[in-house]
Amino acid sequence: MKKIININLSGRVIPIEDAAYENLKQYIESLRRYFAGEEGRDEIINDIESRIAELMNDKVRKGSAAITEADIQEITASMGSVRDFEEADAAERITSEKTTTDAGAGTGAGASAGAQTYTQPRFKGRLYRNEGDKLLGGVCSGLAAYMNVDPSVVRLLFAIITFGGFGMGVLIYIILWIVLPASPLTTYTGKRLFRNPEDRIIGGVAGGLGAYFNKPAWNIRLIFAAPLILNIIFGIFDGPHDVFPNLFFGSFTGTFILTYIILWIVLPEARSPFEKMEMRGEKVDVNSIKNNVQEGMTDFKTRMQAWSEEVKTSAQNLTNRANDFTQTHARPFASDVKATAAPLGRGIGHAIGVIFRVFFLFVAGCIALMLFAIMIALIFGGVAWGPVNNFLWSSPFQQAMAWGTVIFFFAVPVVGFITWLVRRIVSTRSKSKYLGWTFSGLWTIGWICAISLTASIARDIRKFERTATDVAISQPITNGMLVKVVEPRIRYTGGMWGFDDDNGGWDVNEDTLRYNNVKLRMTKSEDSAYHVTIYKYSAGNTVNDAMDRAGKTQFTAYTLDSILNIGSGLRIDRTSKFRGQKVLVEVKVPVGKKIKFDESLVDTFEPWVVRYEETGSDRRWNRRYRVDWDWDESFSWTPGVDYVMTSEGTLITTDKVINNPEGVYEKRSNTDSLRRQIEQQEKDLQEDRERLRDLEERRRDSIRSTTLIKPKKPKKETQVQMYTAFVPLII
Amino acid sequence: MNIENTQSQMRKGILEFCILSIIRRGEAYPSDIVEEMKAASLHILEGTLYPLLTRLKNAEMLTYRWVESNSGPPRKYFLLTPKGEAFYTELEQTWQELSNGVNALTNKKDINS
């Protein structure tokens, strides 16, 4: 059974067998390549096409139902194949003393090789930089031409050497760039790496690789899919939970999928029959390398002689070359540089340009590698990581958006960047505009996800509320109250994703989150008794929600004789999620009564957490509190020192405190220091009064001049404060 | 030194001369040219003829005319321009000289051996 199609060739409609059509297309394509350098190329092709059409028409008129492969063979034989033209042209080429090319050299893909040989003869036996096909200096391309392999492969290998060998590749490259002379060489005509459109399941990557390595495509597919399949199997054994992240992002799966995607994007599809021929290649690369090596070995001796001759002459020339460098070498180098980098001029400039470009690619590569690592970390750990999963996302929607953000917002630009870099390394020109559009589209989705996620989280923390609980305490009889922490400082207990934190202060497991965001506030008691109140804060969707979450926060404080024992941190379960919960312990100290802080407070809580300041309310935003994040002035009380509550509501100490560098607190009772303190306070008070008077005066002035000054809205500030309050906790 | 190369080199030199001489006798269709040359046992591939004609046309030695055919679209018929005519006469002269000279030489060689 044969498929017959109708084609229109130069105005004639001709029925032709499918296979014959393929042959014809291939033939015309080979002519097109052959005449690529010719002035009237299109005209020649048109003339030939119309002649072929005429010949085929004759066949049909003589009674053939359709043009067969045999017919095409006959026609092409009468017209002549590219190889025939080549022979006819060989003479011309010899006269033009270009090279002693052998027409058959490297004709991996018959006709196409003819075209290549016609335009660019292949230089054999000497290493050049390839001017015809280059990215930077044409070194890789030249090496590829020398070994007769696919330049893409050499470039990829070079990139691997560069990344693996800590920049060795760069050095080698620069040396070769400077040492090797440039020459336009024929590009590789054998096998090339393509995606195979005829043998594809997803993108034809495996098919193309299979064609390249002469292996069944299914083997390659299996290699790509193995981690995924294994993951699915393990996922089933592991139980139904968390199948999704494992499926796509478990261990090697992600790497393989990414590799596939990148290859998918980087490799061109073998569309034309020529590219298909190039993809299959009649010669195996390894063989051609072997042949080359064998060839090289046979005339090794002659080559050595030639080489020593060359060395001798080049040694002689070297001094001249060095002298002429700026005049001879600099110009091509400069034009090299001009191509992509800024025109840096002649002389030393080009060298800088060269280094700049190599450096640029190197840095870009490093950045890509780093981004890649970050991305892998994000994908592997980020969203599905227990703590985040259990304590941050309040809805499946939020989690989905988080996934979207990670994949589209973070991963897409990284993949795009790596793709761009790899394409640059293998010098694939972008054939379709869709690539850019696809990336932009995906990134847009990423933006949408990121914005929805932010909006959703912002909605969840719209309100910030607190609950107050009074702690029943026993009144201290003598010496005042001692505040201390008996519970040990919260340490990370491990067990989640192998995360290790020596610093402590927080802990998390599957269903509990604990951290030490606890603050202390000392105020004046209205009566003669000590009072302790615990305020629990939380953000939430609504006021009730925030109150509810605050109420669910677990924190304990109790007294034992004169000791106020507070918990080392607060505890949140996975149902109430992390919403910036924190705890404030307010101790009301009667005037004239003493209070002392135990060393354990400083050990248990973060120094910057302890200080807390109330600064007023903003009704509009329902955020009544603002945290003073003063990092320098952390814990404003010295542990182990007796403080006394004054009638102004401040604590003063009767001990002189010397904070020595070793961190050992030395205290000495001193009435002088007390007097000095009082004097200082009075002085401060005086200054404050003056400032007050000054302000009062200014206010009166402003009223007089009827200037309206809009009251400042603390809205923005509070908001910022709110978020900064979250940052250290999230980080 | 390759015999085929030398042969094709020799052939190449006279190819244009032959083609011009055929066209000079009257408007010619490329495949007719091939036929005529084949008849004179000077084999040429059509594929090589077209580029040659295009080159000559671009050098203003030739021009062409569309001639309606009874089957299918019109065909391109080539004819000589005055410039081509002059070129041809010069080539002819050279050819005469060459063939005379070569004949004289080769014949002489024959006698010697």
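Predicted, not measured: the structure shown is a model, and the values here were computed from it.

Take the overall build of chain A next. Of regular secondary structure, chain A possesses 25 helices and 19 strands. Across the 731 residues of chain A, 29% fall into the buried class. Across chain A, contacts joining residues at least 24 apart in sequence account for 69% of those joining residues at least 6 apart.

Quick look at the overall build of chain B now. The helix and strand tally for chain B stands at four helices and two strands. Burial status across chain B gives 19% buried among its 113 residues. Expressed as a percentage of contacts within chain B between residues at least 6 apart in sequence, the contacts between residues at least 24 apart total 40%.

All names here are of chain A. Two elements in contact, helix α1 (residues 18–34) and helix α3 (residues 69–79), have axes whose closest approach is 8 Å; the angle formed by their N-to-C orientations is 25 degrees. Relative to α3, the element α1 is oriented roughly parallel. Here Ala-19, Ala-20, Asn-23, Leu-24 and Tyr-27 of α1 come into contact with α3, specifically with Glu-69, Asp-71, Ile-72 and Thr-76. For the contact of α1 with α3, the class distribution of residues is five nonpolar, two polar and two charged.

Adjacent strands of a sheet pair through backbone hydrogen bonds, lying either parallel or antiparallel. All names here are of chain A. Spatially, six strands are ordered β11-β12-β6-β15-β16-β17 in an open sheet, and the strand pairing comes out mixed. At either end of the open sheet lies a strand with only one pairing partner, and these are β11 (557–560) and β17 (651–653). Averaged over all pairs of adjacent strands, the angle between strand axes in this sheet comes to 30 degrees, irrespective of strand direction. Two strands pair when backbone bridges link them, and strand β6 (residues 481–484) and strand β15 (residues 594–597) are joined in this way by three bridges, in the parallel orientation. Within β15, the residue paired with Val-483 across the bridge is Phe-597.

This part is about helix α9 (residues 205–213) of chain A. Given 3.6 residues per turn, any residue in an α-helix points the same way as the ones three and four places further on. Most of α9 of chain A sits out of view: seven of its nine residues are buried. Of all the positions in α9 of chain A, only Val-205, Ala-206, Gly-207, Gly-208, Leu-209, Ala-211 and Tyr-212 of chain A are classed as buried.

The partner chain B presents 19 residues to the 24 residues of chain A that form the contact. When its residues are assigned to classes, the side of chain A that touches chain B shows nine nonpolar, six polar and nine charged.

We now examine the pairing of strand β13 (residues 570–573) of chain A. Residues and elements named next belong to chain A. Here β13 shows a clear split, with Leu-570 and Ile-572 buried on one side and none of Arg-571 and Asp-573 buried on the other. Examined bridge by bridge, strand β8 (residues 512–515) and β13 share four bridges and lie antiparallel to one another. By the bridge assignment, Tyr-515 is partnered in β13 with Leu-570.

As a further point, take the confidence of the model for chain A. Residue and element names in this part refer to chain A. On average, residues of chain A score 68 in pLDDT, and 56% of them reach the 70 mark or higher. Of all the helices and strands in chain A, helix α5 (residues 110–119) carries the lowest mean pLDDT, 36, while strand β10 (residues 531–540) carries the highest, 88. Taken together, the stretch residues 657–669 has pLDDT below 50 and engages in 17 contacts with residues farther than four places along the chain or on a different chain.

Moving on: the confidence of the model for chain B. Low pLDDT marks regions whose predicted coordinates should not be analysed in detail. Residues at a pLDDT of 70 or more form 94% of chain B, whose mean pLDDT is 83. Complex prediction metrics read pTM 0.39 and ipTM 0.81.

All names here are of chain A. Spatially, four strands are ordered β5-β10-β14-β9 in an open sheet, and the strand pairing comes out mixed. At either end of the open sheet lies a strand with only one pairing partner, and these are β5 (463–471) and β9 (518–524). Each strand axis lies, on average, 25 degrees off the axis of its neighbour in the sheet, ignoring direction. One ladder, built from seven bridges, connects β9 with strand β14 (residues 582–589); its direction is parallel.

Ile-67 of chain A together with Ile-23 and Leu-62 of chain B are the most contacted members of the largest nonpolar core, which has 37 residues in total. It is α1 of chain A that provides the largest number of residues to this core, a total of six residues.

What counts, and where the lines are drawn
- Residues numbered from 1 in each chain as written.
- Chains lettered and ligands numbered in written order.
- Predicted model: local features only at pLDDT ≥ 70, side-chain atom pairs only at ≥ 80, totals over all residues.
- Helix = DSSP H or I, 4+ residues; strand = E, 2+ residues; numbered from the N terminus.
- Buried ≥ 20, exposed ≤ 12 C-beta atoms within 10 Å, placed from the backbone.
- Contact = placed C-beta atoms within 7 Å.
- Axes fitted to C-alpha atoms, helices over the stretch in contact; angles between N-to-C directions.
- Parallel < 35°, antiparallel > 145°, perpendicular 65-115°, else oblique.
- Nonpolar A, V, L, I, M, F, W, Y, C, P; charged D, E, K, R; others polar.
- Pairing = 2+ DSSP bridges.
- pLDDT = per-residue confidence, 0-100.
- Core = buried A, V, L, I, M, F, W, Y, C linked by C-beta atoms within 7 Å.

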